[in-house]
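Structural description and commentary
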Amino acid sequence: MSVEIKNISKSFGSFTALKDVNLRIETGELISLLGPSGSGKTTLLRIIAGMDIPDSNPGSQILFFDEDVVSMPVGKRHVGFVFQHYALFKHMTVFDNIAFGLRVRPRDKRPSKKEIQDRVRELLRLIQLEGFGDRFPTQLSGGQRQRVALARALAIEPRVLLLDEPFGALDAKVRQSLRQWLRRLHDELNTTTVLVTHDQEEALEVSDRVVVMNQAKIEQVGSPEQVFHNPTSEFVIDFLGNVNVFRGRVQDGKATWGAAREERGEESRGADASDSAKIYVRPHELAVDRNKLSDESIAARVQRINLAGAQAKVILSTAQYEEIRVDLPMERFQHLRLVPGDAVFVQPTNTRIFVPDYSI
Amino acid sequence: MDREQENREGLNMDSSKTKLYSQDPWWVRWLLIGVTISFLTFLLLLPLIVIFQEALAKGIAFYIRSLSDRNAWSAVKMTLLTAGVAVPLNLVFGVAAAWATTKYQFRGKSILITIIDLPFAISPIVAGLMLVLVFGSQGWWGEWLSDRGIQVIFGVPGVILATVFVTFPFVARELIPLMQEQGSDEEWAAISLGANGWQTFWKVTLPNIKWALLYGVLLCNARAMGEFGAVSIVSSNIRGRTNTLPLQIDALYSEYQSAAAFALASVLAGLGVLTLIGKTILERRMKST
Amino acid sequence: MFSNLKRQNRLPGFGLTIGYTLLYSSLILLIPLTALMLKSAATPWTELAATLTHPRVSSALRLTFGASFLAALINTLFGSIIAWSLVRYRFFGSRFFDAIVDLPFAMPTAVSGIALMAIYGPNGPVGSFLLPWGIQTSISFLGVLIALLFIGLPFVVRTMQPAIEELDAEMEQAAASLGASRWQTFTKVTFPSILPAMITGFTLAFARSLGEYGSVVYMSGNLPNKTEIISLVISNKIEESDIAGASAVAMVLLLATFASLMLVQGIQWIANKKTGRA
């Protein structure tokens, strides 16, 4: 693999940014570090780049192709780093920006003028900014600037490409197209790419693997499908998209949720039952019908309907839960002909149950 | 082209902003503008004009003679020497201090920044006194130095030291807030691309701070050439030896050679006006970037 | 907040720049400052008291503090008006007047001093005009005041300008739309937002005035017990080789200046906290 992180911790004063983090980054993959701000993802990226020093713990290592780089200065690591706010050299043209990494090499390793020119031209073509070489960064749009920043990082043929929220400062539409472009570029160049983002959609769309981080730790590592459909923690399911949370009970390894309890009444309040299990259901994993389908169905009332999208977004209210969000396929919605105020029954088709760990 | 357009748009925005603001009734506006113009005229403009008027009071010939006087010339040379040493010293210091306080986190950083600003809060006379306490004949190092034939107080080194002291913060003062605001991303980008520290400084940092640097140098120089209080304490008042221009002006003035004093004063006033012009230009430059 | 902490940097040059900064600061600044503190600390209390209560010293202290305070006050009023006009109105020569505000910074103090004398001195156009009415604009308290007005003005104007520029036009419009009169808008919305800058400007001007020398010595006329300012007293003591006395007075001046500047920092801190900018 290209990068291996072993037992890395990092604290700033009393604040712990990373706690005992382990991660293997395979050669050629595009891996995302996904998490809320303060989760440690940017710190991890900066540690890989060498801009932050990890706490010196025994056994902590950062390996680049099996070589320990913990004490190697940034410039020697050959990483391409792309900053959220581009960090383009404002006083240099686009061409000079991209050529910078080649020109600052010691004389004996510096490519000739002609080689530099060819390389920059090639990169300009790659980022689809041919003919922009003489412009200054201020004359470019945000998306163009970020492409130049990427080309500048690629010019030194980095061993690994590190992107720190590269699309965070751009508007939604540009972000969408740039992330697809980034994926194509990654495949074309066959580099190893680490992308830091707090945008779950972005991470799920472009990555080979997603590393979900929270509070200085890695919560889950897996393919986008894995982390989305088989989240291993409450945090992951909560962070990766909308979800309804129900309080429920677990008995004999089987969860019963609100409706069932209501039906069964007093008698089932067993002492062994865990009353505080949380049941997570994604909006598209709820079935809605005008008739009661099973014991698990609960009565609800349609509160609001939003049809601006591929699916009908319906918000239901029940006696127990303030709001339940349901995403219905359009056909199903049209079949049901719901209007606000309608009485319906709702039932999950798929649930994930997390029981609080009492051992704590 | 694009840049020009941007600038023009910026100007338009400015004027529309002014329009939004100027809703005060006409009599308020006129009253405030009237107060502004008369206050600035009487307090600042008249004294500036009078310098040139007084300088030429005895005619052009006398003016030229006053300027070409031997003592005047040695004062000019002394002033140039003083500024020529003090400004570069404080320039290098300002850059180093700004780099140290904006690119790293360390304990006591805010104390260091406060210390750098200290000379602004110290009366020039007190600054001169401090140097006397260290370098004077009864001072800490006075005897040791005079044994080695080095005369600081009442000598050229004293004048230079006093000037360095009072102009100490000027460059650092301009650079620290700017570099703080700019952050270190560009430097990190350069380093990650393989540049070494010096390359990063010369190729990335310096172009980003050059206008503020020049601004600081300009103010530092104006103060260095015009410092009076501190150098008056440490200079010998012997003509032609350690007199800078302000000291020479003072000497002439107290001998009732008013026209000659104002002739020299007009040189410094001219320098002051140039400083103001340069300052205005640089301020506009800094605003546009 | 943590993004700042996160920049635990390894940019090159830390040792070099911090080392040079500390060495240079110590040599130029800290050693002389320590010398003054030790010297004044070594003076016995009785001697210190005798020095400070000597009529010549105490009257100079009174004059300097009184005139500095008054000048800073007047400058705060007029400086605010000037800053307001320069930010909000465009009038003939407004750019020129804006640039000229910095003149006291750019002009050597000795030059300013004799120039002020040429205007407000007994032979100057203003001085000679007012003298028959018994108004003595130089070699008097008024003379000191004028010189301090000159030197302190840019501090107030340059502190006020950004605060006035920052004023939210929409905030005033909102106040107006809620039915506030122009005067109410000013006193309840505008004035409170620029008050911290006014206090800062006042204190900066005051602190500068306390130690001012060059522009004042000519206008004051230096009559002992009457128009002699504190800087001149120190200067005279040095000339008379009364270094201990000079140090004692200098220390009082220094502490007063520091105290007023610390007050500014405190006020700014409170103001920032109040407006949530901390």
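Up top is the structure.
Report on the accompanying structure. (Residues numbered from 1 in each chain as written. Chains lettered and ligands numbered in written order. Predicted model: local features only at pLDDT ≥ 70, side-chain atom pairs only at ≥ 80, totals over all residues. Heavy atoms only, no water.)

Looking now at the side chain of S235 of chain B. As for its placement among the helices and strands, S235 of chain B is situated in the loop between α12 (229-234) and α13 (245-254). Here S235 of chain B falls in the buried class, since its relative accessible area comes to 3%. (Helix = DSSP H or I, 4+ residues; strand = E, 2+ residues; numbered from the N terminus. Buried < 20%, exposed > 50% of the residue type's maximum accessible area, 1.4 Å probe, protein only.)

A word on the side chain of K279 of chain B. Mapped onto the elements, K279 of chain B comes out in helix α14 (residues 258-288). Of note is the side chain of K279 of chain B, whose polar atom sits 2.2 Å from the side chain of D102 of chain C. (Polar contact = N/O pair within 3.5 Å; in protein donor to acceptor, adjacent residues only side chain to side chain.)

Before going further, it helps to examine the sheet that holds strand β4 (residues 61-64) of chain A. All names here are of chain A. Strand order across the open sheet formed by four strands is β2-β1-β4-β5, with antiparallel pairing between neighbours. Strand pairing shows two members of the sheet lacking a second neighbour, β2 (15-25) and β5 (67-68), which therefore form its edges. Note that strand β1 (residues 3-12) and β2 share seven bridges and pair antiparallel. Bridging from a neighbouring strand, E4 pairs with R24 of β2. (Pairing = 2+ DSSP bridges.)

Turning next to the packing of helix α10 (residues 169-177) of chain C against helix α11 (residues 182-211) of chain C. All names here are of chain C. It is at 10 Å that the axes of α10 and α11 come closest, and there the two elements cross at 160 degrees. One finds that α10 runs roughly antiparallel with respect to α11. Pair α10 / α11 crosses with right-handed handedness. Across the interface between the two elements, M171, E172, A175 and A176 from α10 touch T185, V189, T190 and S193 from α11. Here the residues of the contact of α10 with α11 are counted per class, giving four nonpolar, three polar and one charged. (Axes fitted to C-alpha atoms, helices over the stretch in contact; angles between N-to-C directions. Parallel < 35°, antiparallel > 145°, perpendicular 65-115°, else oblique. Left-handed = near helix turned anticlockwise from the far one by under 90°. Contact = heavy atoms within 4.5 Å. Nonpolar A, V, L, I, M, F, W, Y, C, P; charged D, E, K, R; others polar.)

Attention shifts here to a positive patch on the surface. The grouping of R284 and K287 of chain B together with R90 and R95 of chain C at the surface amounts to a positive patch. Within the secondary structure, K287 of chain B sits in helix α14. We classify K287 of chain B as exposed; its relative accessible area is 69%. (Patch = residues over 30% accessible without salt bridge, like charges linked within 9 Å, V, L, I, M, F, W, Y side chains within 5 Å. Areas by Shrake-Rupley, 256 points an atom, 1.4 Å probe, with all protein chains shown as cover. Salt bridge = Lys/Arg side-chain N within 4 Å of Asp/Glu carboxyl O. Lys, Arg positive; Asp, Glu negative; His and termini not counted. Charge placed at Lys NZ, Arg CZ, Asp CG, Glu CD.)

Aromatic ring pairs: the centre-centre distance and the angle between the two ring planes describe each pair. Enumeration over the complete set of coordinates arrives at 28 aromatic pairs over all chains. In this structure, R147 of chain A is placed above the aromatic ring of W181 of chain A, and the distance from its NZ or CZ to the ring centre is 6.0 Å. Over the ring of W84 of chain C we find R88 of chain C; its NZ or CZ atom is 4.2 Å from the centre of that ring. (Phe/Tyr/Trp six-rings, centres within 6.5 Å; stacked < 30°, edge-to-face > 60°. Lys NZ or Arg CZ within 6 Å of the ring centre and 35° of its normal.)

So, about the packing of helix α6 (residues 124-135) of chain B against helix α14 (residues 243-274) of chain C. Interaxial distance between α6 of chain B and α14 of chain C falls to 10 Å at its minimum, and their mutual angle equals 135 degrees. By the angle class used here, α6 of chain B and α14 of chain C are oblique. Handedness of the crossing formed by α6 of chain B with α14 of chain C: left-handed. Facing V126, L129, M130, V132 and L133 of chain B of α6 of chain B, the residues of α14 of chain C in contact are I243, A246, S247, A250, L253 and L254 of chain C. Considered class by class, the residues forming the contact of α6 of chain B with α14 of chain C number 10 nonpolar, one polar and no charged.

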